[in-house]
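One letter stands for each residue in the lines below.
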Amino acid sequence: MKSVHTFKDIKMAHPVGYYSLSHDNALIKDMCETWGEGLEKMSESDTLWLIAKIAHQAWLECESSTAPSNEAESVLKRLHELKQWEKFALISAMAQ
């Protein structure tokens, strides 16, 4: 039987406070009211879409905003080599 992993299987369901996020921020409060204290009710599609958008915006706002290295470009070109669950695990590993 084929094992199917989702991003929600990989990520930890800690409350947002674990990551030093606070309900003092209206956006964080609204997100928790919508998707739960650990954002556990967020769909996989919404989770992945927001990760991509947040990461892109953070990269654009990064002080150095240098172009990606050749090594990073190589990884992008080879992502097809990873299974979906491996992509999720890699996102988690890089976010640590």
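Residues numbered from 1 in each chain as written. Predicted model: local features only at pLDDT ≥ 70, side-chain atom pairs only at ≥ 80, totals over all residues. Heavy atoms only, no water.

Asker: Teacher, can you tell me more about the overall build of the protein chain here?
Answerer: Along its length, the protein chain carries 5 helices and 0 strands. The order of α-helices and β-strands along the protein chain, N terminus first, is α-α-α-α-α. Counting over 96 residues, the protein chain shows a buried share of 14%. In the protein chain, 50% of the contacts between residues at least 6 apart in sequence involve partners at least 24 apart. Approximately 7800 Å² of the protein chain is accessible, and the part contributed by carbon and sulfur atoms is 59%. (Helix = DSSP H or I, 4+ residues; strand = E, 2+ residues; numbered from the N terminus. Buried < 20%, exposed > 50% of the residue type's maximum accessible area, 1.4 Å probe, protein only. Contact = heavy atoms within 4.5 Å. Areas by Shrake-Rupley, 256 points an atom, 1.4 Å probe, with all protein chains shown as cover.)

Asker: Explanation requested: the pattern of salt bridges in the structure shown.
Answerer: Here the idea is simple: oppositely charged side chains can pair when their charged atoms come close. Using the criterion set out here, one finds 1 salt bridge in the structure. The partner of Glu81 in a salt bridge is Arg78, and the shortest N-O contact between them spans 2.8 Å. Taking the relative accessible area as the measure of exposure, Arg78 reaches 46% and is therefore partly exposed. (Salt bridge = Lys/Arg side-chain N within 4 Å of Asp/Glu carboxyl O.)

Asker: Can you help me understand the packing of aromatic side chains in this one?
Answerer: When we look at a pair of aromatic rings, we describe it by the centre distance and by the angle of the planes. Applying the stated criterion across every chain, the model contains 1 aromatic pair. Relative to Tyr19, the ring of Tyr18 has its centre 5.0 Å away and its plane inclined at 80°; by these criteria the two rings are edge-to-face. Using a relative accessible area of 55% as the deciding quantity, one classes Tyr18 as exposed. Taking the relative accessible area as the measure of exposure, Tyr19 reaches 45% and is therefore partly exposed. (Phe/Tyr/Trp six-rings, centres within 6.5 Å; stacked < 30°, edge-to-face > 60°.)

Asker: I'm lost on a nonpolar patch on the surface in this one. Help?
Answerer: Together, Tyr18, Tyr19 and Leu21 give the surface a local cluster of nonpolar side chains, amounting to about 340 Å² of exposed area. Position of Tyr19 among the secondary structure elements: in the loop between helix 1 (7–10) and helix 2 (26–35). (Patch = residues over 30% accessible without salt bridge, like charges linked within 9 Å, V, L, I, M, F, W, Y side chains within 5 Å.)

Asker: Explain the confidence of the model for the protein chain to me, please; I cannot follow it from the model alone.
Answerer: Detailed reading of the predicted coordinates is not advisable wherever pLDDT is low. Here the protein chain shows a mean pLDDT of 88. Residues at 70 or above account for 86%. No element of the protein chain has a lower mean pLDDT than helix 1, which averages 60, and none a higher one than helix 2, which averages 97. (pLDDT = per-residue confidence, 0-100.)

Asker: What exactly am I supposed to notice about unusual backbone geometry here?
Answerer: For residues other than glycine, phi is negative in most cases, and the peptide bonds are mostly trans. Even without glycine at this site, Ser20 takes up a positive phi of about 65°. By the secondary structure assignment, Ser20 is in the loop between helix 1 and helix 2. The class for Ser20 is exposed, based on a relative accessible area of 68%. Residue Leu39 is not a glycine yet carries a positive backbone phi of 55°. Positionally, Leu39 belongs in the loop between helix 2 and helix 3 (44–61). Residue Leu39 is classed as buried on the basis of its relative accessible area, which comes to 18%.

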